[in-house]
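A structural walkthrough
So the chains spell out like this:
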Amino acid sequence: MPNYQLLCIFKNLPKSELMMGIKAAATCILDHNGVIKSFENLGLRRLPIRLIGNDAQTCREGHYIFINFISGTTKVYEVMAALNRESDILRRVLSNDDKASEKPECHCDKYGYFVTDIVDYTKPLTVWNKKITDPLYKTRL
């Protein structure tokens, strides 16, 4: 089952109502057989544009909440449909979190220690590095 990240932008609500909104979003995920891994509160921020909620109220600030969860691919559409009915959520953005599901490549046998990437890209590439990273290095067209 793939990992997903859900960004919910809630209205500028008091803390008790915000907690009820987060709980409602979490129960939507759990009701559709999702497993919540973590929550991350990015706090109250000014919105880049004015957003209009379901009650036709214009909002200029919102609480940004990240929810990392695991769910089936067919259930994600049902989760988003359920979150569309929530009145406290201004925007919801769902993205597939590929970095959490893939395992880093191990070069232990070759180098004798764990290396996630062979080349340090912060330094300029030398000819030796280009031979490793570019499979078509010095091949004729």
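Before going into details, it helps to say that this report is about the structure given with it. (Residues numbered from 1 in each chain as written. Predicted model: local features only at pLDDT ≥ 70, side-chain atom pairs only at ≥ 80, totals over all residues. Heavy atoms only, no water.)

The subject of this paragraph is the pattern of salt bridges. Should the charged atoms of two oppositely charged side chains come close, the side chains can pair. In this structure the tally under the stated criterion is one salt bridge. Residue lysine 75 is joined to glutamate 78 by a salt bridge in which the shortest nitrogen-to-oxygen separation is 3.8 Å. With a gap of three residues between them, lysine 75 and glutamate 78 both fall in helix α2 (residues 75-84), about one helical turn apart. For lysine 75, a relative accessible area of 28% puts it in the partly exposed group. (Salt bridge = Lys/Arg side-chain N within 4 Å of Asp/Glu carboxyl O. Helix = DSSP H or I, 4+ residues; strand = E, 2+ residues; numbered from the N terminus. Buried < 20%, exposed > 50% of the residue type's maximum accessible area, 1.4 Å probe, protein only.)

The axes of two packed helices give the description: the angle between them and the distance between them. Running from N to C, helix α1 (residues 15-31) and α2 point in directions that differ by 150 degrees, and their axes come no closer than 9 Å. Between α1 and α2, the angle is such that the two are roughly antiparallel. Crossing hand, α1 versus α2: right-handed. Between α1 and α2, the residues in contact are Ala25, Cys28 and Ile29 and Val79, Ala82 and Leu83, respectively. When the residues that make up the contact of α1 with α2 are grouped by side-chain class, the tally is six nonpolar, no polar and no charged. (Axes fitted to C-alpha atoms, helices over the stretch in contact; angles between N-to-C directions. Parallel < 35°, antiparallel > 145°, perpendicular 65-115°, else oblique. Left-handed = near helix turned anticlockwise from the far one by under 90°. Contact = heavy atoms within 4.5 Å. Nonpolar A, V, L, I, M, F, W, Y, C, P; charged D, E, K, R; others polar.)

Residue placement: asparagine 3 occurs in strand β1 (residues 3-11). Taking the relative accessible area as the measure of exposure, asparagine 3 reaches 8% and is therefore buried. Only 3.4 Å separates the side chain of asparagine 3 from the side chain of lysine 37, close enough to count as a polar contact. (Polar contact = N/O pair within 3.5 Å; in protein donor to acceptor, adjacent residues only side chain to side chain.)

Once that is clear, we can look at the sheet that holds β1. Spatially, the four strands line up as an open sheet ordered β2-β3-β1-β4, and their pairing is antiparallel. Because the sheet does not close on itself, it has two edges, and the strands there are β2 (35-52) and β4 (89-96). Ignoring strand direction, the axes of neighbouring strands in this sheet form an average angle of 20 degrees. As judged from the twelve bridges shared by β2 and strand β3 (residues 58-70), these two strands associate in the antiparallel manner. Along β3, the bridge assignment pairs serine 38 with asparagine 68. The strands touched by α2 are β1 and β4; relative to β4, the strand with the most contacts, the crossing angle is about 170 degrees. (Pairing = 2+ DSSP bridges.)

Along β1, eight of the nine residues are buried, which leaves the element largely enclosed by surrounding structure. Pairing between β1 and β3: nine bridges, direction antiparallel. Its bridge partner lying in β3, phenylalanine 10 is registered against histidine 63. Strand direction decides the pairing type here: β1 and β4, joined by seven bridges, are antiparallel.

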